[in-house]
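An overview of the molecular structure
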Amino acid sequence: AQSVTQLDSQVPVFEEAPVELRCNYSSSVSVYLFWYVQYPNQGLQLLLKYLSGSTLVKGINGFEAEFNKSQTSFHLRKPSVHISDTAEYFCAVTFKAAGNKLTFGGGTRVLVKP
Amino acid sequence: GAGVSQSPRYKVAKRGQDVALRCDPISGHVSLFWYQQALGQGPEFLTYFQNEAQLDKSGLPSDRFFAERPEGSVSTLKIQRTQQEDSAVYLCASSLELAGETQYFGPGTRLLVL
């Protein structure tokens, strides 16, 4: 079965430090890749997505992610976090053969400490 | 429209009651998705509409779950004879038709079954 794994359920990080959130998916077939953020009591908001082309994707709020086909990974990074980045982050994949639905990872809760 | 809206935002139901959850997608969005998000987990796909046609209902957990989108705009997710395990946040998302298009999420309906 097609699946998405986020290896870290929680990541505590100090303000202005870098952060990396890891995401791996199960299938090597064609995929589209997404990172969404969910702030407390808010809906999911798209951070960035990879459809094709350059494997390094830049998104909103200073986030970027790199697609690695051989490792079936799509890790999210930010060089310097702010308190306002405290939120839950979800990696999601569309497996092209399965239609347009998103398969989500379990989420990574980022807590930025002052 | 301004975004995807969902109503009600919160719903408390007694076990065995029927509930109906409404989703208003972004105007002009052909695709509409329903997801279920249990506490502490990532969203899981329930069903997908393209206009009024329900093209994928593989994620509906039982025949107590039913979704419709009769005029290709507003959608309703109905749960009959609710059970405690139905307690979750139900998310609606809409997008343009093409594969890889961003899905825009509503704020969700938090359902608690007592």
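Here's a quick rundown of the structure. In this text the structure is predicted, and so the values were computed from the model without any measurement.

Turning our eyes to something else, we now look at the overall build of chain A. Looking only at helices and strands, chain A has zero helices and 12 strands in total. N-terminal to C-terminal, the α/β element order of chain A is β-β-β-β-β-β-β-β-β-β-β-β. A compact globule built from 114 residues should have a C-alpha radius of gyration of about 13 Å, and chain A, at 14 Å, falls within 12% of that. A total of 114 residues make up chain A; the buried ones form 46% of that total. Working note: accessible area of chain A is about 5400 Å², and carbon and sulfur atoms make up 50% of it. Once the 10 positive and 8 negative side-chain charges of chain A are each reduced to a mean point, those two points are 10 Å apart.

This brings us to the state of the cysteines. Cysteine pairs can be covalently joined through their sulfur atoms, and such a bond is termed a disulfide. Tallied over the entire structure, the rule returns two disulfides over all chains. Note that cysteine 23 of chain A is cross-linked by a disulfide to cysteine 91 of chain A, the S-S spacing being 2.0 Å. Residues cysteine 23 of chain A and cysteine 91 of chain A share a disulfide whose torsion about the S-S bond is about -65 degrees; that sign makes it left-handed. Here cysteine 23 of chain A, found in strand S4 (residues 23-25), pairs with cysteine 91 of chain A, found in strand S10 (residues 87-95); they are 68 residues apart in sequence, far enough to count as distant. Here the two residues cysteine 23 of chain A and cysteine 91 of chain A agree in accessibility, since each one is buried. A sulfur-sulfur separation of 1.8 Å characterises the disulfide bridge that pairs cysteine 23 of chain B with cysteine 92 of chain B. Between cysteine 23 of chain B and cysteine 92 of chain B, the S-S torsion sits near -65 degrees, and that sign places the bridge as left-handed. Note that cysteine 23 of chain B is positioned in strand S3 (residues 19-24) and cysteine 92 of chain B in strand S9 (residues 88-95), a separation of 69 residues in sequence. A residue is classified by how much of its surface remains accessible, and cysteine 92 of chain B, at 0% relative accessible area, is buried.

Contact with chain A, which involves 17 residues of that partner, is made by 23 residues of chain B. Each partner contributes to the roughly 1500 Å² buried at the junction of chain A and chain B, and carbon and sulfur atoms together form 52% of this total. Interface area lost by chain A to chain B is led by Leu44, Asn100 and Lys101 of chain A, which between them contribute 36%. Two residues, aspartate 56 of chain B and lysine 101 of chain A, come together in a salt bridge whose shortest N-O distance is 3.5 Å. Scanning the region where chain A abuts chain B turns up nine residue pairs in polar contact (both at pLDDT 80 or more). Those elements giving two or more residues to the side of chain A that touches chain B turn out to be strand S5 (31-38) and strand S6 (44-50) of chain A. Considering each element in turn, the side of chain A that touches chain B owes the most residues, four residues, to S5 of chain A. In terms of residue class, the side of chain A that touches chain B is built from nine nonpolar, six polar and two charged.

It is worth spelling out a nonpolar patch on the surface at this point. Taken together, Val12, Leu112 and Leu114 of chain B make up a surface patch of nonpolar side chains, about 280 Å² in accessible area. Examined against the element boundaries, valine 12 of chain B turns out to sit in strand S2 (residues 10-13).

The rules behind the values
Note that residues are indexed from 1 along each chain, following the sequence as it is written. Chain labels run from A onward and ligand labels from 1 onward, assigned in the order the entries are written. Given that the model is predicted, a residue must reach a pLDDT of at least 70 before its local features are reported, and side-chain atom pairs must reach 80 or more before they are shown or counted; all residues, however, enter totals for whole chains, interfaces and linings. The side-chain numbers reported here are obtained from all heavy atoms of the structure, hydrogens and water having been left aside. Here a strand is any run of E in DSSP of at least two residues, a helix any run of H or I of at least four, and the numbering for each starts at the N terminus. Here the globule rule is a power law, 2.2 Å times the number of residues to the power 0.38, and the radius of gyration is based on C-alpha atoms. For the exposure calls, accessible area comes from a 1.4 Å probe over protein chains only, and a residue counts as buried if that area is under 20% of its type's maximum, exposed if over 50%, partly exposed in between. Here the open area of atoms and residues is found with the Shrake-Rupley method and a 1.4 Å probe, where only the protein chains shown may cover a residue. In this tally Asp and Glu are treated as negative and Lys and Arg as positive; neither His nor the chain ends contributes. Charge positions are represented by NZ for Lys, CZ for Arg, CG for Asp and CD for Glu. Pairs of cysteine sulfur atoms within 2.5 Å are what we label disulfides. Contact between two residues is taken to exist if any of their heavy atoms lie within 4.5 Å; hydrogens are not considered. Throughout, the accessible surface (probe 1.4 Å) given up by two parts as they are put together, summed over both, is called the buried area. The working definition used for a salt bridge is a side-chain nitrogen of Lys or Arg within 4 Å of a carboxyl oxygen of Asp or Glu. Within 3.5 Å is the distance limit for a polar contact, defined as a pair of N or O atoms, with the added protein rule that one can donate a hydrogen and the other accept it, and that residues adjacent in sequence qualify only through two side-chain atoms. Classification convention: Asp, Glu, Lys, Arg as charged; Ala, Val, Leu, Ile, Met, Phe, Trp, Tyr, Cys, Pro as nonpolar; all other residues, Gly among them, as polar. Residues with no salt bridge and a relative accessible area higher than 30% make up the patches, which join like charges within 9 Å and nonpolar side chains (Val, Leu, Ile, Met, Phe, Trp, Tyr) within 5 Å.

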